Amino acid sequence: MAAYTQAHGQRIKRELKEAGATGAGLLKFSNRYLPNVIKEDEHIEAVAYGRYPIGEGSKVWRWEAGTLVATDQRVLFVDRKPGFLRADKVPYDGVSGVESLTAWPFSSVTVMTRIGTFSLRYVRMDQADRFVRYVESRRQQS
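Treat the numbers as computed from the prediction; the structure is a model and nothing was measured.

Outline helix H4 (residues 125-141), supporting the account with residue identities and numerical values.
Taking 1.5 Å of rise per residue, the 17 residues of H4 would be expected to cover 24 Å, and the 25 Å separating its terminal C-alpha atoms lies within 8% of that figure. What H4 keeps buried is the set Gln-127, Ala-128, Phe-131, Val-132, Tyr-134, Val-135 and Arg-138. Tucked inside the fold, the buried residues of H4 contact strand E1 (44-54), strand E2 (62-71), strand E3 (74-81), strand E5 (95-103), strand E6 (106-113) and strand E7 (117-124).

I'd like a description of the side chain of Ser-107, backed by residues and values.
Mapped onto the fold, Ser-107 is located in strand E6. Owing to a relative accessible area of 4%, Ser-107 belongs among the buried residues under this scheme. Ignoring sequence-local partners within four residues, the contact set of Ser-107 consists of Leu-101, Thr-102, Leu-120, Arg-121, Tyr-122, Val-123, Met-125 and Ala-128.

Can you tell me about the pairing of E7, naming the residues and giving the values?
Bridge count between E6 and E7: 6 bridges; the pairing is antiparallel. Directly across from Thr-110, in E7, lies its bridge partner Ser-119. The antiparallel hairpin formed by E6 and E7 contains 3 residues in its connecting segment, where Gly-116 sits at a positive phi of about 150°.

Calculation notes
Residues numbered from 1 in each chain as written. Predicted model: local features only at pLDDT ≥ 70, side-chain atom pairs only at ≥ 80, totals over all residues. Heavy atoms only, no water. Helix = DSSP H or I, 4+ residues; strand = E, 2+ residues; numbered from the N terminus. Expected span 1.5 Å × (residues − 1). Buried < 20%, exposed > 50% of the residue type's maximum accessible area, 1.4 Å probe, protein only. Contact = heavy atoms within 4.5 Å. Pairing = 2+ DSSP bridges.

Structure below.
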């Protein structure tokens, strides 16, 4: 685990709040791990956290929790649990599309990239809207 300063950790927490993370969302393992993967000169613009299925096509589906983060430099997908870490990082020129689907009271967010598709369900609607708007605006700039 990379070491980070207390000021960096506090900045990440503040930026998560500004991006729409709730108090309970700040306690999620993935969100608490973000200071380890977000660089000192990188800033959070949008966040979406929810659940994603693993084991599709098998008889047993398990739902895991994950976080999508849009920074000013790239898109991150983070799933962190004790003893487990998945952290995928994609620059905006590697994002081929982003979409959301809303079925009140939640949304789903899907990001299509060169390295794979990241999809979260049970995302708060305001987080999904902000995330999709920001990623789309960055894709148009590229």
